[in-house]
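# Coordinate inspection notes
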Amino acid sequence: MHPVSNAARKTDSSLIEVMPMGAALGAEVRNVDIKSFGDWQYAAFMRALLQHQVLLVRGQSLVGHDLIAFSRRLVKGLSKIAPMSTVRVSGAFSCLETPPIVSLLHAREMPPHGRSASFCSLHALHDSLPPALRRRIANLEIGHGSAIFECDGIDRHRSKPSGDWRPPHGAARPLVCHHPDTGRQMLRLGRRRNAYLLGLKPAESEALLDELWQYVEHPEFCWEHAWQAGDLVISDRRCTLQQRGPFEDSPRWAMSRTRLTERRRDTAA
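Since this is a predicted model, take the numbers as computed values, not measurements. (Residues numbered from 1 in each chain as written. Predicted model: local features only at pLDDT ≥ 70, side-chain atom pairs only at ≥ 80, totals over all residues. Heavy atoms only, no water.)

For the protein chain, the helix and strand inventory stands at 6 helices and 15 strands. Within the protein chain, the fraction of its 269 residues that count as buried is 48%. Put simply, of all contacts in the protein chain between residues at least 6 apart along the chain, 82% involve residues at least 24 apart. Just so you have it, the protein chain exposes about 13300 Å², and 49% of that area is on carbon and sulfur atoms. (Helix = DSSP H or I, 4+ residues; strand = E, 2+ residues; numbered from the N terminus. Buried < 20%, exposed > 50% of the residue type's maximum accessible area, 1.4 Å probe, protein only. Contact = heavy atoms within 4.5 Å. Areas by Shrake-Rupley, 256 points an atom, 1.4 Å probe, with all protein chains shown as cover.)

What follows deals with the packing of aromatic side chains. Using the criterion set out here, one finds 5 aromatic pairs in the structure. Where F37 meets F70, the ring centres are 6.2 Å apart and the plane angle is 65 degrees; that geometry is what we call edge-to-face. In this pair, F37 sits in the loop between β2 (27–30) and α2 (39–52) while F70 sits in helix α3 (residues 64–74), placing the two residues 33 residues apart along the sequence. For the pair F37 and F70, a shared accessibility class is recorded, and that class is buried. (Phe/Tyr/Trp six-rings, centres within 6.5 Å; stacked < 30°, edge-to-face > 60°.)

Now for the nonpolar core. Counting 28 residues, the largest nonpolar core has L125, I137 and L189 as its most contacted members. Among the secondary structure elements, those contributing two or more residues to this core are α4 (122–128), α5 (131–137), β9 (176–178), β10 (185–187), β11 (195–197) and α6 (202–216). Sort the elements by how many residues they give to this core and α6 lands first, with 6 residues. Aside from chain neighbours lying at most four places away, what touches L125 is C120, L187, Y215, V216 and F221. The next biggest cluster of nonpolar side chains, apart from the first, holds 24 residues, and it includes V32, Y42, A44 and L104. (Core = buried A, V, L, I, M, F, W, Y, C linked by side-chain atoms within 4.5 Å.)

Time to look at unusual backbone geometry. A positive phi angle, near 60 degrees, is found at N31, a position not held by glycine. One can find N31 in the loop between β2 and α2. Assessed through its relative accessible area of 72%, N31 is described here as exposed. At N194, a position not held by glycine, the phi torsion is positive, near 70 degrees. Examined against the element boundaries, N194 turns out to sit in the loop between β10 and β11.

Another aspect to go through is the sheet that holds strand β14 (residues 240–244). The sheet built from 3 strands is open, its strands ordered β12-β6-β14 with antiparallel pairing. Each of the sheet's edge strands pairs with one partner strand only, and the pair in question is β12 (222–226) and β14. The average angle at which neighbouring strand axes cross in this sheet is 20 degrees, direction not considered. Both strand β6 (residues 116–121) and β12 contribute to a ladder of 5 bridges, which runs antiparallel. Of the residues in β12, the one forming a bridge with S116 is A226. (Pairing = 2+ DSSP bridges. Axes fitted to C-alpha atoms, helices over the stretch in contact; angles between N-to-C directions.)

Here it is, written out as structure tokens:
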């Protein structure tokens, strides 16, 4: 996204029809075929994604190379594309400790009684926190990894008993940060499991994280989408959490996914 972000910010979004969902995030881009996007349409699309965080495009007939080609335009030169896959996971809101920049989900085939996906805005969540809570978390750092949490009555991770708690290994990042393209403040929660807040005792860290995650379930921060065949949903994973509904009891369904992540400096082009 970074190489086109400047153009996206300057481009008139009226080049495409964008209909906000009336929620904290999410918009539908109507009457387009992403395979035929010109440069200015594409830049307008990126502007809409930065503004709305999640975009829905219905009626897209895409095969594997179409989705990959469009994915490569999104983060040109700075990303690698995860293998295509059929999505068979569901459950609570999730976000990787180091999230991809953008995630694309394409519904190739859906059951007649649709399944859903929910998205939560980490911008809206941060902005709506009580002022006292925002001040409390403003300078904290969050990390993820295996940890010993059994002292102070905490056994969330079922580690071996120990009277001494030590923070797990792994990179720590600011809990409150700014979106690299828009500058908007947001929370960087990562996964709830194995998360910890630096500088706090285990019980205090757990209690504060539990308090923050309670806000994730509030409907005013979320948008829920009911899948139809041909739907393409693109989400900015740096500022959103995603939850997918169950598919296991459906006789026929198929989805394709790409995830675009920043290439590590030691990764060959």
